[in-house]
Amino acid sequence: MKIGIASDHAGYKLKEYLKKILEKEGHQIVDLGTYNLESVDYPDYAAKLAELVSKGLVKRGILICGTGIGMSIVANKFPGIRAAVCWSEETAALSRRHNDANILCLGGRILKNEEAAKILRVWLNTEFEEGRHLRRIEKIKKIEEKMRKS
Ligand code: RB5
């Protein structure tokens with residue numbers, strides 16, 4: 001799968017760890033930075049990644065900051081983005097099954113590397129259930145359209 005990944009300084013170490021795992025598993029990774037531990041602003045990285053996913057240039061995205069929260073707030077401003085902060089395998093699975101989340105947001109200061117890897121694996125391998133959940137996603141799309149026109 002073609003996957004985009006980005007972080008700020010607080011998520012940098014976890015980004016590097018997860019990137020290696022994904023590459024080993026044969027995914028094509030687009031790394032949008034940051035590339036070291038120097039302090040940066042998470043909105044810049046969330047915006048770069050969310051734009052790629054929003055335009056369909058990568059199928060899914062991973063964003064990592066201290067908590068995952070700032071990244072999710074920014075990413076969810078982009079059309080078609082459903083960014084979910086996940087902190088367990090269960091929330092990761094539900095964000096895919098029910099919300100068809102296309103960006104996974106993780107907290108580099110919250111999760112241990114191994115926990116994050118498990119969450120990521122579940123998130124990548126869980127399908128959207130559709131059915132009643134599709135109706136709800138369609139409603140989100142309608143809200144986006146309405147906001148765009150207003
Ligand atoms: C950076 O210190 C921190 O605020 C950021 O990584 C993130 O957690 C914001 O939501």
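Note that the structure is a prediction, hence the values are computed from the model and not measured.

Before going further, it helps to examine the pattern of salt bridges. The final tally for this structure, using the stated rule, is 10 salt bridges. A salt bridge links R121 to E25; its shortest N-O distance comes to 2.7 Å. With R121 in helix α5 (residues 113–125) and E25 in the loop between α1 (12–24) and β2 (28–31), this pair connects stretches of sequence that are 96 residues apart. Where D100 meets R82, a salt bridge forms, and the shortest distance between an N and an O atom there is 3.2 Å. Note that D100 is positioned in the loop between α4 (89–97) and β5 (103–107) and R82 in the loop between α3 (69–75) and β4 (83–85), a separation of 18 residues in sequence. For D100, a relative accessible area of 19% gives the class buried. A single salt-bridge network, built from bridges that share partners, covers K15, E16, K19 and D31.

Let's shift gears to the site of the ligand. What surrounds the ligand is the set D8, H9, A10, Y42, C65, G66, T67, G70 and R109. Separating an oxygen atom of the ligand from a side-chain N or O atom of D8 is a distance of 2.6 Å. Separating an oxygen atom of the ligand from a side-chain N or O atom of R109 is a distance of 3.2 Å. In the complex, 71% of the free accessible area of the ligand, which totals 300 Å², lies under the protein chains. Tallied by class, the residues present in the shell around the ligand amount to three nonpolar, four polar and two charged.

About the criteria used
- Residues numbered from 1 in each chain as written.
- Predicted model: local features only at pLDDT ≥ 70, side-chain atom pairs only at ≥ 80, totals over all residues.
- Heavy atoms only, no water.
- Salt bridge = Lys/Arg side-chain N within 4 Å of Asp/Glu carboxyl O.
- Helix = DSSP H or I, 4+ residues; strand = E, 2+ residues; numbered from the N terminus.
- Buried < 20%, exposed > 50% of the residue type's maximum accessible area, 1.4 Å probe, protein only.
- Near = heavy atom within 4 Å.
- Polar contact = N/O pair within 3.5 Å; in protein donor to acceptor, adjacent residues only side chain to side chain.
- Areas by Shrake-Rupley, 256 points an atom, 1.4 Å probe, with all protein chains shown as cover.
- Nonpolar A, V, L, I, M, F, W, Y, C, P; charged D, E, K, R; others polar.

Function-wise, these values are silent; they only describe arrangement.
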